[in-house]
Amino acid sequence: MRVVVTGGAGFLGSHLCEKLLSRGDEVVCLDNLITGSEANLEPCLAHPCFQFVRVDVTEFLSVDGAVDVVFHLASPASPVDYLKFPIQTLKVGSLGTHKALGLARAKGARFLLASTSEVYGDPAVHPQTEAYWGHVNPVGRRGCYDEAKRFAEAMVMAYHRFHGLATRIARIFNTYGPRMRLDDGRVLPHFIRLALAGEDLTVYGDGQQTRSFCYVDDLIEGLCRLLASEESEPVNIGNPEEVTVQAFAEEVIRVVGARSRVRLVPKPPGYEDDPRRRRPDISKARRILGWEPRISRREGLARTIDFVRKRGM
Ligand code: UDP
């Protein structure tokens, strides 16, 4: 297959490109590199079936030749990044999704949107099922990401219903692994950086908020299975093992073997609507994709920390 990956130089995108190449696909990676980097594509760049195009996907998209699949992953995705790029985040979720859908329609390609658990906002339903409509503050600082992705889902469903496009929507929960930027502000890279430097790990608020972390290889497998399925309604892809941020910090200290301690600090600006609890209900993915995560947090953390140690800070 010939596959276009928007945001292909990002954390998830680069792992997806690698997986597609390894199964024999031809990959066209589109990225404007505002949060992604060419260094992430190092394993792909020399591959004869790989092409990288530096482009902003909110502009008209032109790709020569046949395209069988469009994976639309482009977007800043960490709170720190989308607070820094709020307008680009809104544009890529809205205009970028429209352009990527237009490309898929022109080529008769299958389309997959990387959506997010943020569509559930600070959820009033726990764990979150796909049927839950969410609890989002549109004018809060996270609103630029949450509402862009909610708009993107609506746009995808409109292309599916109106144009009959074969579309898929993955609601991706917190994912981690090698190639997360250590300065992207997300909790794990930040904790790893602090632990390796022997500094205290800063836990925001009371530390009792929860997240459920999925290792990147499991996530990519879930996306590929969803693409191959016939499901056009959203599907949660994530790891249902839930942990408080405080306990997670203690785990990172243990796995790194650091002398650091956990320090509770006030939430920084931008974290006012920090979701209190988050855990995917993955019954649907289990049932229709035969998918569930296989890599434990212990194993995933060990691999990620190992990667950071080898690459250096
Ligand atoms: N967090 C924290 N310390 C940090 C960074 C994040 O306690 O140094 C918390 C943050 O308040 C949130 C959780 O960790 O409750 C996950 O944050 P992240 O930015 O990774 O992603 P989110 O799930 O909020 O999109």
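Note that the structure is predicted; figures quoted are calculated from it, not measured.

(A) Structural view of the packing of helix α6 (residues 187–196) against helix α10 (residues 297–311). The geometry of α6 relative to α10 is characterised by a closest axis approach of 11 Å and an angle of 60° between their N-to-C directions. Considering the angle they form, α6 stands oblique to α10. Regarding α6 and α10, the two cross each other, and that crossing is right-handed. Taken together, the residues of α10 that come into contact with α6 (itself represented by Leu188, Ile192 and Leu196) are Leu301, Thr304, Ile305, Val308 and Arg309. Grouping the constituent residues of the contact of α6 with α10 by class yields six nonpolar, one polar and one charged.

(B) How the structure looks around the sheet that holds strand β6 (residues 167–172). With respect to topology, seven strands assemble into an open sheet ordered β3-β2-β1-β4-β5-β6-β11, the strand pairing being parallel. Looking at which strands have only one partner, the edges of the open sheet turn out to be β3 (50–54) and β11 (235–237). Strand-to-strand twist across the sheet, computed as the mean angle between neighbouring axes with direction ignored, equals 20°. For β6 and β11, the ladder comprises three bridges, and the chain directions are parallel. Within β11, the residue paired with Arg171 across the bridge is Asn236. Here helix α1 (residues 11–22) sits on the sheet and contacts β1 (2–6), β2 (26–31), β3, β4 (69–72) and β6; the angle it forms with β1, its principal contact strand, is near 170°. Of the strands in this sheet, β5 (110–116) and β6 touch helix α5 (residues 143–163), which is tilted by about 155° from β5.

(C) Spotlight on the side chain of Asn236. Within the element layout of this structure, Asn236 appears in strand β11. Reaching out from Asn236, the side chain makes a polar contact with the backbone oxygen of Gln128 at a distance of 3.0 Å. A distance of 3.1 Å separates a polar atom in the side chain of Asn236 from the backbone oxygen of Asp281. Excluding residues that lie within four positions of it along the chain, Asn236 makes contacts with Tyr120, Gln128, Thr129, Glu130, Arg171, Phe173, Pro280, Asp281, Ile282 and Ala285.

(D) Broad picture of the site of the ligand. Neighbouring the ligand are 18 residues, the closest being His190, Thr202, Tyr204, Arg211 and Asp274. At 2.6 Å from an oxygen atom of the ligand is found a side-chain nitrogen or oxygen belonging to His190. Take Arg278: an N or O atom from its side chain is 2.8 Å from an oxygen atom of the ligand. Contact with the protein chains hides 97% of the accessible area of the ligand, taken as 530 Å² for the molecule alone. Grouping the constituent residues of the shell around the ligand by class yields seven nonpolar, five polar and six charged.

About the criteria used
Residues numbered from 1 in each chain as written. Predicted model: local features only at pLDDT ≥ 70, side-chain atom pairs only at ≥ 80, totals over all residues. Heavy atoms only, no water. Axes fitted to C-alpha atoms, helices over the stretch in contact; angles between N-to-C directions. Helix = DSSP H or I, 4+ residues; strand = E, 2+ residues; numbered from the N terminus. Parallel < 35°, antiparallel > 145°, perpendicular 65-115°, else oblique. Left-handed = near helix turned anticlockwise from the far one by under 90°. Contact = heavy atoms within 4.5 Å. Nonpolar A, V, L, I, M, F, W, Y, C, P; charged D, E, K, R; others polar. Pairing = 2+ DSSP bridges. Polar contact = N/O pair within 3.5 Å; in protein donor to acceptor, adjacent residues only side chain to side chain. Near = heavy atom within 4 Å. Areas by Shrake-Rupley, 256 points an atom, 1.4 Å probe, with all protein chains shown as cover.

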